[in-house]
Amino acid sequence: MRKAGLPQSGRVLIFTGAWLLLLLALLASLALGASEIPLTRVAQLLFAPDDSTDSLVVHALRLPRTLVAGLAGAALAVSGLLLQGVTRNPLADPGILGVEAGGACAILVMVVFFPAAPSVLFVPAAFLGGVLAAAAAYSAAHSAANSAGLTPLRLALAGVAVASLLGAATRSVQILFETRAQGALFALSGSVAGRTWEQLWQVAPWLGLGLVLALLFAARVNVLALGEDIASSLGARTARDSAVLTALGVVLAAGSVSVVGPIGFVGLLVPHAARALVGADHRLSLPLTALLGAAFLILADVAARVVDRPAETPVGILVAAAGAPFFVLLARRIGRRA
Amino acid sequence: MNRPEDLASPLSTHDLKLAYGTSVIVPHLNLSLKAGQVTSIIGPNGCGKSTVLRALARLRPVSGGNVTLYGQALHSLPSKEVARRLAMLPQGPVAPEGLSVEELVWFGRHPHQGRFPVRRPEDREAVAWALSQTGMTIFGRRPLEALSGGQRQRAWIAMSLAQQTEILLLDEPTTYLDLSHQLEVLQLAQRLNREQGKTVVMVLHDLNQAVRYSDEIIAMRDGEVYAQGRPEDVLTPALLTDVFGLKAHLLSDPDTGRPYIIPYALTR
Ligand SMILES: Nc1ncnc2c1ncn2[C@@H]1O[C@H](COP(=O)(O)OP(=O)(O)O)[C@@H](O)[C@H]1O
Ligand SMILES: [Mg+2]
């Protein structure tokens, strides 16, 4: 029989393993790609850059891209964990409130209608698109809410509606402005190729702050995950706490979409893996989710670089391809339990 | 609003109105619970028992009137203070997957802890006490989904006990349990009342159990209190007909001298 609550040693082992995996992913991401750089040279260049091409590749190309992937992966996964906990819906993910669709639509609008806009505006525009989509879903659910209030199901349905509406808008723009939309295709599939230090600094404060806050609020997610009635009878202020945590989930998701485009599955699957490893306590599963999410997206990006070398494959497509079988597994597991 | 008799009553309602949207379920409820007693709420399905219990625990907004906790307006008290004085176990709670019994019971300490919880000795004592009262100590490490229905219900009750409140509200705590587990829960409620002086309010469906294990019965019909009082005074043939639509023989329980009900026909 399975025991809940691992012994201390098991947890230490799991977290050590997760850190090692992340380290491995970082090194692989710096070493592999169109050109291969030996690990010893990577390590040396990391601390002592020189004028070589390898040094340029590591510092100007691979390092920012790796950090973007890691940060976005952690943010997406933690966003999924928060939304799953707050809505008590094991299939919730950052897409559920329309955040990804909103971000994608905004990216396309920028590329097609404002091609001359300065590049620093792209990330904030996509961020805004994601946040606005979630706000639209929230207010749609709110205005339709009756006596039963703003239930997670209602919110999810409103999110699906907003997402499909935005999806339709995105496709219409793609069809109507086919040539101009070409430039956005790669970004719309989700990619970290060519991410710069500047783009990293645009999202790092948001995502970093969001992750820290999420860690601080982990205990509150635990209480909310018991359901609104139980949480209220334990003295939690459920309406306020779930609004705050949902907003945090939206900011994390929108922040990552703004810099890597829409990438599915990470926010859905990584939290499940983390919970399967350390159990239902978010004070443990949340940091583990962040570590695994970062490692996962970095490794996926490495795969995206080498699978069709020297051409780049959008990492979002790779994640979707790898994620689909896991999704089926997950659905079967949840189906059996219900 | 502060009548002197309310100060002595753990929970009272004053012209309480409860509604879901525009449908009013409880139009006008005036109710006063007695301290240190076991009170059972009985009534047919859908008459508003859960709705009232949830309002008493501040789990749902009121459309009019108010609820007082020893004379203080319930809605004006801080949430955690309410949860330190009053524990409520709703009907059919579901725990997240993988949660162990001990982890669940620890949540009962939430109202006693600050923003960033630390496990103080008194918290540990309360958790251990709650587990032992419910006979769940040996199941502490088990995930809830690996328990029988009866054990799971006792785990939830243990969580409520760990809150160490003076008032305990239980919505249908015996539903889905076999007879011996039903008695276990009822005896636990009685013991907590007798030994710790807790005020216990339960929603029960089995009338004979309600009679046997309660000091006070509240019979509800269509969102109103039909009768409130000692079991032997409340459980009359007229009540069984008016509230439940039943014809019944009323015998005398050889142990308690209270009525024992054998329904034999429907009146409608
Ligand atoms: N969330 C809800 N929305 C609308 N009506 C509800 C809701 N919950 C309960 N009701 C209605 O309120 C009435 C009382 O329900 P409830 O208090 O659960 O009854 P009881 O616990 O006595 O069986 C019923 O008619 C039920 O249909
Ligand atoms: Mg009920």
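Residues numbered from 1 in each chain as written. Chains lettered and ligands numbered in written order. Predicted model: local features only at pLDDT ≥ 70, side-chain atom pairs only at ≥ 80, totals over all residues. Heavy atoms only, no water.

Peer 1: Just to check I follow, could you spell out the coordination of the magnesium ion (ligand 2) for this structure?
Peer 2: When a metal holds four donors in a tetrahedron, each ideal angle between them is 109.5 degrees; when it holds six in an octahedron, the ideal angles are 90 or 180 degrees. Looking at the magnesium ion (ligand 2), the protein donor atoms are B:Ser50 (OG) and B:Gln91 (OE1), and they sit 2.0 to 2.7 Å from it. Of this pair, B:Ser50 sits in helix H2 (residues 49–56) while B:Gln91 sits in the loop between strand E6 (86–89) and helix H4 (101–107); the two residues are 41 residues apart in sequence, bridging distant segments of the chain. (Donors = N, O, S within 2.8 Å, 3.2 Å for Na, K, Ca; no water. Helix = DSSP H or I, 4+ residues; strand = E, 2+ residues; numbered from the N terminus.)

Peer 1: How should I be thinking about unusual backbone geometry in this particular structure?
Peer 2: Across the chain, the bulk of peptide bonds are trans and the bulk of non-glycine residues have phi less than zero. Here the phi dihedral of A:Arg88 falls at roughly 55°; this positive angle occurs in a residue that is not glycine. Relative to the helices and strands, A:Arg88 is located in the loop between helix H3 (53–87) and helix H4 (99–113).

Peer 1: Can you help me understand the nonpolar core in this one?
Peer 2: The nonpolar side chains of a soluble globular protein tend to be buried with one another. Ranked by size, the top nonpolar core spans 111 residues in total, and within it A:Leu82, B:Val101, B:Leu235 and B:Leu239 carry the most contacts. With residues up to four places along the chain from it excluded, the contact list for B:Leu235 reads B:Ile42, B:Val211, B:Ile217, B:Leu240, B:Leu250, B:Pro259 and B:Ile261. Ranked by size, the runner-up nonpolar core spans 28 residues in total, among them B:Ala55, B:Met88, B:Ile167 and B:Val203. (Core = buried A, V, L, I, M, F, W, Y, C linked by side-chain atoms within 4.5 Å. Buried < 20%, exposed > 50% of the residue type's maximum accessible area, 1.4 Å probe, protein only. Contact = heavy atoms within 4.5 Å.)

Peer 1: Help me understand the packing of aromatic side chains, please; the structure alone is not making it clear to me.
Peer 2: The way to describe two aromatic rings as a pair is by their centre distance and the angle between their planes. Residue and element names in this part refer to chain A. Per the stated rule, a full pass over the model turns up three aromatic pairs over all chains. With 5.1 Å between their ring centres and 80° between their planes, Phe113 and Phe177 make a pair best called edge-to-face. One end of the pair, Phe113, is in helix H4; the other, Phe177, is in the loop between helix H6 (152–176) and helix H7 (178–181), with 64 residues separating them in the sequence. The class of Phe113 is partly exposed, set by a relative accessible area of 38%. (Phe/Tyr/Trp six-rings, centres within 6.5 Å; stacked < 30°, edge-to-face > 60°.)

Peer 1: Hey, could you run me through the side chain of B:Ser9 in this one?
Peer 2: All names here are of chain B. Turning to its location among the elements, Ser9 is positioned in the loop between helix H1 (4–7) and strand E1 (11–20). At a separation of 3.0 Å, a polar atom in the side chain of Ser9 contacts the side chain of Ser12. The contact partners of Ser9, leaving out residues within four places of it in the chain, are Ser32, Leu33, Leu69, Tyr70 and Gly71. (Polar contact = N/O pair within 3.5 Å; in protein donor to acceptor, adjacent residues only side chain to side chain.)

Peer 1: Is there a simple way to explain the interface of chain A and chain B in this structure?
Peer 2: As a measure of interface size, the accessible area lost when the parts come together is often cited. On the chain B side, the residues contacting the 28 residues of chain A number 36 residues. For the pair chain A and chain B, the summed buried area comes to about 2,500 Å², and 61% of that belongs to carbon and sulfur atoms. Where chain A touches chain B, the interface holds one salt bridge. Here B:Arg54 and A:Asp229 are joined by a salt bridge, their closest N and O atoms 2.4 Å apart. On inspection of chain A and its partner chain B, the count reaches five residue pairs in polar contact (both at pLDDT 80 or more). Mapped onto the side of chain A that touches chain B, the elements with two or more residues apiece are helix H10 (218–224), helix H11 (228–233) and helix H15 (315–337) of chain A. Residue contributions to the side of chain A that touches chain B peak at four residues, all from H11(A). (Buried area = accessible area lost by both parts, 1.4 Å probe. Salt bridge = Lys/Arg side-chain N within 4 Å of Asp/Glu carboxyl O.)

Peer 1: I would appreciate a short explanation of the site of ligand 1 in the present structure.
Peer 2: Residue and element names in this part refer to chain B. Residues in close proximity to ligand 1 include Tyr20, Ile25, Pro44, Asn45, Gly46, Cys47, Gly48, Lys49, Ser50 and Thr51, which together make up its full environment. Side-chain polar atom of Tyr20 to a nitrogen atom of ligand 1: 3.4 Å apart, as the coordinates give it. Protein chains shield 60% of the accessible area of ligand 1, which is 560 Å² for the free molecule. Classifying every residue of the shell around ligand 1 by side-chain character gives four nonpolar, five polar and one charged. (Near = heavy atom within 4 Å. Areas by Shrake-Rupley, 256 points an atom, 1.4 Å probe, with all protein chains shown as cover. Nonpolar A, V, L, I, M, F, W, Y, C, P; charged D, E, K, R; others polar.)

Peer 1: Please clarify how the environment of B:Pro10 should be interpreted in this entry.
Peer 2: Residue and element names in this part refer to chain B. With respect to the helices and strands, Pro10 occurs in the loop between H1 and E1. Residue classification places Pro10 among the buried positions, given a relative accessible area of 0%. Separated by 23 residues in the primary sequence, Pro10 and Leu33 have C-alpha atoms spaced 6.2 Å apart. Setting aside its immediate chain neighbours within four residues, Pro10 contacts Leu33, Lys34, Ala35, Thr68, Leu69, Tyr70, Ile167 and Thr199.

Peer 1: Teacher, can you tell me more about a nonpolar patch on the surface here?
Peer 2: Residues and elements named next belong to chain A. Together, Leu20, Leu23, Leu27 and Leu39 line one region of the surface with nonpolar side chains, adding up to about 360 Å² of accessible area. For Leu20, the position within the fold is in helix H1 (residues 8–31). On the basis of relative accessibility, which here comes to 53%, the residue Leu20 falls in the exposed class. (Patch = residues over 30% accessible without salt bridge, like charges linked within 9 Å, V, L, I, M, F, W, Y side chains within 5 Å.)

Peer 1: Mind showing me how you'd approach the pairing of strand E2 (residues 23–32) of chain B here?
Peer 2: As a general feature of sheets, a regular strand has side chains that alternate between the two faces. Residue and element names in this part refer to chain B. Examined bridge by bridge, E1 and E2 share six bridges and lie antiparallel to one another. Residue pairing for E2: Tyr20 is matched across the bridge by Ser23. Connecting E1 to the antiparallel partner E2 that follows it, the hairpin turn spans two residues, and Gly21 within it adopts a positive phi of roughly 60°. (Pairing = 2+ DSSP bridges.)

Peer 1: Would you mind going over the confidence of the model for chain A with me for this structure?
Peer 2: Detailed conclusions should not be drawn from predicted coordinates in areas where pLDDT is low. Per-residue confidence for chain A averages 86 on the pLDDT scale, and 95% of its residues sit at or above 70. Put simply, helix H8 (residues 185–188) of chain A is where chain A has its lowest mean pLDDT, 74, and helix H14 (residues 282–306) of chain A is where it has its highest, 94. (pLDDT = per-residue confidence, 0-100.)

Peer 1: What is the right way to look at the sheet that holds strand E8 (residues 199–203) of chain B in this model?
Peer 2: Within a sheet, neighbouring strands are paired by backbone hydrogen bonds and run either parallel or antiparallel to one another. All names here are of chain B. The mixed open sheet is built from six strands, whose spatial order is E6-E7-E8-E3-E9-E10. The open sheet has two edge strands, E6 and strand E10 (224–229), and neither has a second partner. Between one strand axis and the next, the sheet turns by 15° as a mean value, whatever way the strands run. On top of the sheet, helix H6 (residues 149–162) reaches E6 and strand E7 (167–171); it is set at about 165° to E6, its chief contact. Against the sheet, helix H10 (residues 237–244) touches strand E3 (38–42), strand E9 (216–221) and E10, its axis set at about 160° to E10. (Axes fitted to C-alpha atoms, helices over the stretch in contact; angles between N-to-C directions.)

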